[in-house]
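Here is what each chain is made of, one letter per residue.
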Amino acid sequence: MKTYDIIVVGTGGATIVADAAIAKGKKVAIIEKGKFGGTCLTRGCIPTKVMVTVADAVREIEELPKIGVKVTPATIDWDIMSKRVWHKIDESKGVESYYDGFENVDVYRGAASFVRDKVIMVTMKDGTVTDELTAPIIVLGVGGHTKINTIPGLEEAGYMSSESLFGEKYPKAPFKRLIVMGGGPIGTEFAHVFAAAGTEVTLIQHNRRLLPKEDEEISAQIYKDITKLGIRVILNQEPEEVRVENGEKVVVIRDRATGELQEVRGEEILMASGIVPATEELHLENTSIKTKRGGWIMTNEFLETSVDGVYALGDVNGEAPFRHKANYEADILAHNLYHASSPEDFRWARYDLVPAVTFTYPQVGHVGLTEAEAIEKGYDVGTGKNFYSASAKGFAMGFDPGDEHDGFVKIVVDKETNHILGVHVIGPQASILFQPFVNLLNSGDTPLQAINEEIGSALTKKLRAKGLVRKMDPHSVITVGETMTPHPTLSEIIMWTQVYYEHRW
Ligand SMILES: Cc1cc2nc3c(=O)[nH]c(=O)nc-3n(C[C@H](O)[C@H](O)[C@H](O)COP(=O)(O)OP(=O)(O)OC[C@H]3O[C@@H](n4cnc5c(N)ncnc54)[C@H](O)[C@@H]3O)c2cc1C
Ligand SMILES: NC(=O)c1ccc[n+]([C@@H]2O[C@H](COP(=O)([O-])OP(=O)(O)OC[C@H]3O[C@@H](n4cnc5c(N)ncnc54)[C@H](O)[C@@H]3O)[C@@H](O)[C@H]2O)c1
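Because the structure is predicted, anything quoted here is derived from the model rather than measured.

I tried to follow the overall build of the protein chain on my own but got confused; where do I start?
Check the secondary structure of the protein chain and you find 18 helices and 24 strands. In terms of overall size, the protein chain behaves like a compact globule, its C-alpha atoms giving a radius of gyration of 24 Å where 505 residues would be expected to give roughly 23 Å. Taking the principal axes of its C-alpha atoms as reference, the protein chain extends roughly 65 × 60 × 45 Å. The burial tally for the protein chain puts 46% of its 505 residues in the buried class. Within the protein chain, contacts between residues at least 6 apart in sequence are counted, and of these 64% link residues at least 24 apart.

Would you mind going over the pairing of strand S14 (residues 261-266) with me for this structure?
On any regular strand, side chains alternate: one points to one face of the sheet, the next to the other face. Pairing analysis gives 6 bridges linking strand S13 (residues 248-255) to S14, with the strands arranged antiparallel. Looking across to S14, one finds that Ile-253 is bridged to Gln-262.

Before we go on, may I ask you to explain the sheet that holds strand S19 (residues 364-368) in this structure?
Within a sheet, each strand pairs with its neighbour through backbone hydrogen bonds, oriented either parallel or antiparallel. Read from one edge to the other, the open sheet built from 5 strands follows the order S18-S19-S22-S21-S20, with strand pairing classed as antiparallel. What marks the edges here is a single partner per strand, and that holds for strand S18 (356-358) and strand S20 (381-387). Each neighbouring strand pair of the sheet contributes to a mean axis angle of 15 degrees, computed without reference to strand direction. Examined bridge by bridge, S19 and strand S22 (residues 419-426) share 5 bridges and lie antiparallel to one another. Paired with Gly-365 across the strands is Val-425, a residue of S22. Taken strand by strand, helix H9 (residues 216-228) contacts S19, strand S21 (408-414) and S22, and its axis lies near 5 degrees from that of S22.

Any chance you could explain the pairing of strand S3 (residues 28-32) here in plain terms?
Here S3 lies mainly inside the structure; 5 of its 5 residues are buried. The two faces of S3 match: Val-28, Ile-30 and Glu-32 on one face and Ala-29 and Ile-31 on the other face are all buried. Both strand S2 (residues 6-9) and S3 contribute to a ladder of 4 bridges, which runs parallel. Residue pairing across strands places Val-8 opposite Ile-30, the latter belonging to S3.

Each value, and the rule that gives it
- Residues numbered from 1 in each chain as written.
- Chains lettered and ligands numbered in written order.
- Predicted model: local features only at pLDDT ≥ 70, side-chain atom pairs only at ≥ 80, totals over all residues.
- Helix = DSSP H or I, 4+ residues; strand = E, 2+ residues; numbered from the N terminus.
- Rg over C-alpha atoms; globule rule 2.2 N^0.38 Å.
- Buried ≥ 20, exposed ≤ 12 C-beta atoms within 10 Å, placed from the backbone.
- Contact = placed C-beta atoms within 7 Å.
- Pairing = 2+ DSSP bridges.
- Axes fitted to C-alpha atoms, helices over the stretch in contact; angles between N-to-C directions.

Okay, structure coming up:
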C-alpha cells in the first residue's frame, strides 16, 4: 500500500486543490484517465468559446448595415478557427508535463477505482493495475459526460457528442446539414456556431422551451432570436427512431402535445441532451460514499462526502455544472485544507447565487431566482424589465423601441423587502452585464447554511452548531475573489483582482 498526504482524482477544477497541496510540500498523487485539464480545456468551455467568438463576429457584422456600416458578408475561415481551437486543447500537454515536474507528486495516467473507503487502485492506460493507494484526504473531481438517451437505431446510425466532436469526429469543414438533439446550453451554443458557418441546422428540443433553466421570458426571446438566424427549432419533441437513408441520418420525432410524427434529415447528429456523472470507473459500490438521484455524489457545504476525508467537487456533485462553480468549490477546499488560520476561518459553499451564461446568439445570463421559482418559494414577487433600446448605448448599437429582437434585463424582486432575488439578461454582452449584481448579492454577512445536513464530519457538526458567519465586506478585495464570475467572460479579468493584488501571479 502506498500512502500519500492527498490523492486528487481528475484534473479539471480539482487541480486547484492539488496545486495548494504541492505548494505546501505535501506528498500528492494525481490521477487522470483522459486529457489533462479536464472538460473545460479539452472539450468544453474553452474550445467552444473560441468557436462562438468567431460566430458572434459573423452575426455582429451582419447587423452593421442597420447603423450605417457598409459590409460584405463575413464568412468563417474554418481552418484558422480550428487551428485556434486545437491550440487551446493542446495546452493540455503543458498541464500534464507541469505535474511531472514536481518531486513530491506522482502522476498516474489511468482510471481510479475504489477498493474500499479511502483505498484506490489505478488501471493505467497500458492495462496494468497499480498497488493500493491511500491518503487521509481524497478529492474526487471526475466531472461528467454526455447523457446518451436510448433511441432505437441511434447507435447503429452513429452520432457525435461534445466529447467526439473535440476528438475523432472534429469536422474538416462545416457540415452541410446538422441535427442538434437538445436545446440546453450545449445545443444552442453549437447550433449558433454551425449556423454561422453556413450549416443548415435543425435543433430538436424535448422540453417545450429552449434553455428551460432560464426565466420563461428569456426562453421565449431566445427562441425568436435563434430562429431569426435561420436555425430551425422544433420544441416539445420525443425522438422515436433514427435510421440512415441515402447516406443521410434521419431522426423520426413525435410531437409530445399532438402526437404528430415528422422526420428530420442531416449529415450528422450532435447529442446535446444533458450530462451524467463520470463515476462509472470509481466503483463507489465498494465504499460508503452516498449518491443522490441521478448518481451524483452527495456533498455538503464543505464539499465533504459521507466518508470522512473524501471530498467531491465540480460536476460530479450534481450542483450547477459550470467550470466557475468547480473552481469556486476547489478554492474553498484548498483554503480550508491548507490556508485557513483556524476552523473558524473556514469557507463554505452556497449554490443560490451561481451565475450562469449561455454563449449562444445573443448571450443569455442570470443569477438568482427566475420569476416562477420566486413565486414557488412563496415570495411576494415584483418584476422590472428594461430594454437595450431604452438606453442611449442600445440605440447607438441599433436597437429600436418595439424591436422584436431587442435585448432586455429582467429583475425579480421580493416586494416585502425590495431585495433582489434574480437578475436575467438577454442581449449583447449579457455575460458581463449582470456581474455587478453577483457581487452585490454575495456581499454582507453570510451565515453558514447546511447543505445535505446528513453529511458532516465531527468538526462540521461543531461548526454548524456554533453558527459561523463569514463577513463578506463589500469593500474588500477578498470578497471579490470569493465571488463566482462566469467562465469564460471578460469579467474574470476583474474578478482575479485578489490574485494580482496578492502578487500570486
Ligand atoms: C461543450 C461544453 C461547453 C461548456 N461550456 C462551458 C462554459 O462556457 N462555461 C462553463 O462554466 N462551463 C461550461 N461547460 C461545463 C464545464 O466544462 C464543466 O462544468 C467543468 O469542466 C467541470 O469541471 P470538473 O472539474 O468538475 O470536471 P472535468 O473538468 O470534467 O474533469 C474531470 C476529469 O476527471 C477525469 N476522470 C473521470 N473519471 C476518472 C477516474 N475514474 N480516474 C481518473 N480520472 C478520471 C476525466 O478524464 C476529466 O479529465 C461546458 C461543457 C461542455 C461539455
Ligand atoms: N455556457 C455554459 O456555461 C455552458 C455551456 C455548455 C454546457 N454547460 C453545462 O453543461 C451541462 C450540459 O449541457 P446540456 O446543454 O447538454 O444540458 P442541459 O441538461 O442543460 O440541456 C439538455 C436539453 O436537452 C433536452 N433533451 C434531453 N433529452 C433529449 C432528447 N433525447 N432529444 C432532444 N432533447 C433532449 C432537455 O430538454 C434539455 O433542455 C449543462 O448543465 C450546462 O450547465 C454550460
